[in-house]
Amino acid sequence: MSARAAGAEIAYGPLVFALAALTLAAAVVSLSLGYARLDLAGAISDAFAGRSTVAAVVLEQIRLPRAALGAVVGFSLGLAGAALQGLLRNPLADPGVIGVSGGAAFGAVVVFYSGLAGAFALAMPLGGVAGAVVAALSLYALVGRGAGTMTLILAGVTVNSFAGALTALALNLSPNPYAAYEIMFWLMGSLADRSLPQLWLAAPLTVAGWALLIASAPALDALTLGEDTAASLGFDLGRLRAQLIAGAALAVGAAVAVTGAIGFVGLVAPHLLRPLVGNRPGRLLLVSGFGGAIVLLVADIVVRLIPVHPELKLGVATALIGAPLLYGLIDRMRKEA
Amino acid sequence: MRGRADRRAGLSRMLGAYRALRRVASPKRLTARPLICHASRDVFPRKEGRARAFAACVCFALCASPAFAKPQRVVSLNLCADELALRLADASVVKSVTWLSQDPRNANLAAKAAALPANDGHAEEALAYDPDLVLVGPFADPASNALLKQVGAPIVEVGAPRTLEGVRRQIRDLAAALGEPQRGEALVAEMDARLARVSVDPHERRPTAMVLQPNGFTVGRGSLADEILTRAGLDNLAARRLDIAADAQVPLEVVASLAPDVLILDRSEERAPSLAEAALDHPAIVALAPRMTVVSLPARLWTCGGPEIAEAVERLAVAAAAARVARATQ
């Protein structure tokens, strides 16, 4: 296989294990970091003994959801980035860049500020999923079947700015005077002061999305040989597209509904890890998920360590790393073309 | 040479337009004299420095209504100014208030305000009423104020006082600008009478307290809210322990681990959803609620420095008493 000639490939199993261990380590660091001094050991023993001391409450209700959501949302973004890149056969297809996250933010905003979120528990993540589906479908209508990078980026810019404008419009239409100032959260994202119920709301839908995406691995590998070859190998391409778009929308939509749109994670993680799996999009999926979780957890640790008040939005930190990378990627693709 | 002539022609065209604009405004208003800013000295404690005093100076330096005549067409472009004007002036004199003060969830005098035409706080809207007094807020767009000044509409800036004394001063000053000094005195006396009924035992330890506002803001030293807390017999942890000046965001973690005796949530009774206010329902706060006295204080009682702050002090004094009882029984 020519892909194996890439060289830096590492055995798949140990790689996944190492990345999972790193994710866990980053989550533990995130858990131990905070604004108040906390006796972590005491807090953990209190929490397990069911004593609701102040330390236990801080650990369980503030730090745990923050670390867990960082891992879950990062995993969703990294995995969805890798899957969309495989589907569109373009390394620039990040959910943030192509507007899927923006669409999800708009869906969640409509559900939340209209008061629908109170109607039933899953309304808000489902709103995010619906927004993500619409964004992904309208993007696919423009760039499906291997359109050029230029078309992909332009379509992404269009979907993104339209979704952003609709989000701002929806926020301004809200009768609550605070709503208009919350645009930063939805466009840049944050994990600050999230809660456990939000984690439980987002988790089932994101996990369902992960399952759909990871199950598409063999078909994605076949797709690298070209659509006709993949079809001749027995893969139903229509089904594959539907599965990937639904999976990405579930994973990204539910995540964004809780944390706002965080850009570039789905770009950075697959880019860094692609050489390690010999450029096989199927193998890149799980690995990118863990990579995304690590990137997001580290970014969230960084925003808490930078002494800026109020805290930096998470999307600022990921964009500071991701935007130069995107620039470099486009530059390289331009030279190769 | 040609360039200079062009510039001069341009300048004279601009001046012409400016004069035309001035003519539109009635000549009487052009004679408006500025009142000196008497508010600044007491609104801010001396320590706060000149810069703040100067900022407050703007508040009445722009004031241009002749003190002897009652303005007949008053337009208010700010929520806090709306309420003071409605309390102090004749109902027939106030021509328009902001849309914010017509919403009972934001405002104290919503019923009264709803009877008037609403504005969005733009200078242009004020001019439509041919006003002889325009009330603007402390954060008004400088361009709007410049426009109002340009056409000669007298404006008074209603500031955000940082002390109780500043609140009294502001009521008196605005009453004077409206030509209703007696009503101003009466309003101050009424507020002071209510405040006087709230007594604090100086020998008893004050319950500790912390304010949690939407978006995780709290209030510290040198703010009106801090004085309201102190007046109600509470010890503001943000000011005394965290040494926060005025407003600052605090992480929820810090609020939870300080575990104050009284937690004051700044929120309205019912309102459309926002993330800002959702933060007040965080499970960590709910989990710690049994060990604290949690009191909701709607923003309308203490956002503006009006006489309604007496009610804020009364409600907090009740919470302070409850916290003392809770501590005694523990």
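The structure displayed is predicted, hence computed values, not measured ones.

Visitor: A description of the overall build of chain B should follow, citing residues and the corresponding values.
Guide: When helices and strands are counted, chain B shows 16 helices and 11 strands. Expressed as a percentage of the 330 residues in chain B, the buried residues total 49%. For chain B, restricting intrachain contacts to residue pairs at least 6 apart in sequence, the fraction spanning at least 24 positions comes to 66%. Summing over all exposed atoms, chain B offers an accessible surface of approximately 15700 Å²; the carbon and sulfur share of this is 57%.

Visitor: So what about the nonpolar core? Which residues, and what values?
Guide: L88(A), I98(A), Y113(A), L139(A), L152(A) and W186(A) are the most contacted members of the largest nonpolar core, which has 94 residues in total. Here L152(A) is in contact with L88(A), N90(A), L92(A), A93(A), I98(A), L139(A) and V143(A), once residues within four sequence places are set aside. Judged by nonpolar contacts, the second largest core, of 53 residues, contains V74(B), A113(B), L229(B) and V295(B).

Visitor: Explain the state of the cysteines residue by residue, including any values.
Guide: All names here are of chain B. What the rule picks out here adds up to 1 disulfide over all chains. The disulfide partner of C80 is C304, and the gap between their sulfur atoms is 2.0 Å. Looking along the S-S bond of the C80-C304 disulfide, the torsion reads about -75 degrees, which is the left-handed sense. On the criterion of sequence distance, the pair formed by C80 in helix α5 (residues 79-88) and C304 in the loop between β11 (293-297) and α16 (309-329) is long-range, its members being 224 residues apart. With relative accessibility at 19%, the residue C80 sits in the buried group. For C304, a relative accessible area of 7% corresponds to the buried category.

Visitor: I'd love a proper account of the interface of chain A and chain B, names of residues and values included.
Guide: Contact residues are listed per partner, giving 29 residues for chain A and 24 residues for chain B. Both sides together, the interface formed by chain A and chain B hides about 2300 Å², and carbon and sulfur atoms give 67% of it. At the surface where chain A touches chain B, the tally comes to 1 salt bridge. In this structure, the salt-bridge partner of E253(B) is R63(A), at a minimum N-O distance of 2.7 Å.

Visitor: Tell me what's going on with the packing of aromatic side chains, and back it up with residues and numbers.
Guide: All names here are of chain A. The tally for this structure, following the rule as stated, stands at 4 aromatic pairs over all chains. Seen in terms of ring centroids, F75 and W210 are 4.4 Å apart; in terms of plane orientation they differ by 50 degrees. Their pairing is tilted. Placement of the pair is F75 in helix α3 (residues 54-88) and W210 in helix α8 (residues 196-214), with a sequence separation of 135 residues. Residues F75 and W210 agree in their burial class; the two are buried.

Visitor: Explain helix α13 (residues 281-305) of chain A residue by residue, including any values.
Guide: Residues and elements named next belong to chain A. Look at α13: 35 Å from first C-alpha to last across 25 residues, which is about the 36 Å you get at 1.5 Å a residue. The sharpest bend along α13 comes to roughly 30 degrees, located at V287. Burial of α13 is extensive: 20 of the 25 residues sit out of reach of the surface.

Visitor: Report on the side chain of R194(A), specifying residues and quantitative values.
Guide: Tracing the sequence through the fold places R194(A) in the loop between α7 (183-188) and α8. One buried charged residue, R194(A), remains without a salt bridge, the closest side chain of opposite sign being D193(A) at 7.6 Å. One polar contact links the side chain of R194(A) to the main-chain carbonyl oxygen of V258(A), over a distance of 2.8 Å. Ignoring any residue separated from it by four or fewer positions in sequence, one finds R194(A) in contact with Q61(A), I62(A), P65(A), L69(A), F185(A), V258(A) and H282(B).

Visitor: Mind laying out the packing of helix α4 (residues 100-113) of chain A against helix α5 (residues 123-143) of chain A, listing which residues take part and the relevant values?
Guide: Axes are the key here: two packed helices are described by the angle between their axes and the distance separating the axes. Residue and element names in this part refer to chain A. With their axes 6 Å apart at the nearest point, α4 and α5 run at an angle of 140 degrees to one another. One element, α4, and the other, α5, form an angle in the oblique class. For the element pair α4 and α5, the recorded crossing hand is right-handed. Packed against α4, whose contacting residues are V100, G103, A104, G107, A108, V111 and F112, the element α5 presents A123, M124, G127, G128, G131, A132, A135 and A136 at the interface. Class assignment of the residues belonging to the contact of α4 with α5 gives a composition of 10 nonpolar, 5 polar and no charged.

Visitor: Lay out the pairing of strand β6 (residues 208-212) of chain B with the relevant residues and their values.
Guide: All names here are of chain B. Within β6, 5 of the 5 residues are buried, leaving the element largely enclosed by the surrounding structure. Where burial is concerned, the two faces of β6 agree: the one with T208, M210 and L212 and the one with A209 and V211 are both buried. Relative to strand β8 (residues 235-236), β6 is paired through 2 bridges, and the arrangement is parallel. Paired with A209 across the bridge in β8 is N236. Examined bridge by bridge, β6 and strand β10 (residues 262-266) share 4 bridges and lie parallel to one another.

Visitor: Tell me about the sheet that holds β8(B), and please be specific about residues and values.
Guide: All names here are of chain B. Spatially, 4 strands are ordered β8-β6-β10-β11 in an open sheet, and the strand pairing comes out parallel. At either end of the open sheet lies a strand with only one pairing partner, and these are β8 and β11. Where β10 meets β11, 5 bridges bridge the pair, whose relative direction is parallel. Paired with I264 across the bridge in β11 is V295.

Visitor: Tell me what's going on with the sheet that holds strand β4 (residues 133-136) of chain B, and back it up with residues and numbers.
Guide: Residue and element names in this part refer to chain B. If you walk across this open sheet you meet the 5 strands as β3-β2-β1-β4-β5, and the pairing is parallel. Lying at the two open borders of the sheet, with one neighbouring strand each, are β3 (118-119) and β5 (155-157). Against the sheet, α5 engages β1 (74-76), β2 (94-98) and β4, with an angle of about 145 degrees to β2. Contacting β4 and β5, helix α8 (residues 142-150) runs over the sheet at an angle of about 150 degrees to β5.

Visitor: Any chance you could break down unusual backbone geometry for me, citing the residues and the numbers?
Guide: Residues and elements named next belong to chain A. With a phi close to 55 degrees, D193 is a non-glycine residue in the positive phi region. In this fold, D193 is placed in the loop between α7 and α8. According to the relative accessible area criterion, D193 is partly exposed, its value standing at 25%. Non-glycine residue F264 carries a positive phi angle of around 75 degrees.

Visitor: Talk me through the pattern of salt bridges; I want residue IDs and the actual numbers.
Guide: Summed over all chains, the structure comprises 27 salt bridges over all chains. Across the pair R267(B) and D281(B) runs a salt bridge whose closest N-O atoms are separated by 3.2 Å. In this pair, R267(B) is assigned in the loop between β10 and α14 (275-278) and D281(B) in the loop between α14 and α15 (283-288), connecting sequence segments 14 residues apart. Since its relative accessible area comes to 21%, R267(B) is described here as partly exposed. Within this structure, R66(A), D300(A), R304(A) and E311(A) form a network of salt bridges that share partners.

What counts and what doesn't
Residues numbered from 1 in each chain as written. Chains lettered and ligands numbered in written order. Predicted model: local features only at pLDDT ≥ 70, side-chain atom pairs only at ≥ 80, totals over all residues. Heavy atoms only, no water. Helix = DSSP H or I, 4+ residues; strand = E, 2+ residues; numbered from the N terminus. Buried < 20%, exposed > 50% of the residue type's maximum accessible area, 1.4 Å probe, protein only. Contact = heavy atoms within 4.5 Å. Areas by Shrake-Rupley, 256 points an atom, 1.4 Å probe, with all protein chains shown as cover. Core = buried A, V, L, I, M, F, W, Y, C linked by side-chain atoms within 4.5 Å. Disulfide = S-S within 2.5 Å. Buried area = accessible area lost by both parts, 1.4 Å probe. Salt bridge = Lys/Arg side-chain N within 4 Å of Asp/Glu carboxyl O. Phe/Tyr/Trp six-rings, centres within 6.5 Å; stacked < 30°, edge-to-face > 60°. Expected span 1.5 Å × (residues − 1). Bend = angle between axes of the 7 residues up to and from the residue. Lys, Arg positive; Asp, Glu negative; His and termini not counted. Polar contact = N/O pair within 3.5 Å; in protein donor to acceptor, adjacent residues only side chain to side chain. Axes fitted to C-alpha atoms, helices over the stretch in contact; angles between N-to-C directions. Parallel < 35°, antiparallel > 145°, perpendicular 65-115°, else oblique. Left-handed = near helix turned anticlockwise from the far one by under 90°. Nonpolar A, V, L, I, M, F, W, Y, C, P; charged D, E, K, R; others polar. Pairing = 2+ DSSP bridges.

Note that all results are geometric; they support no functional claim without further evidence.
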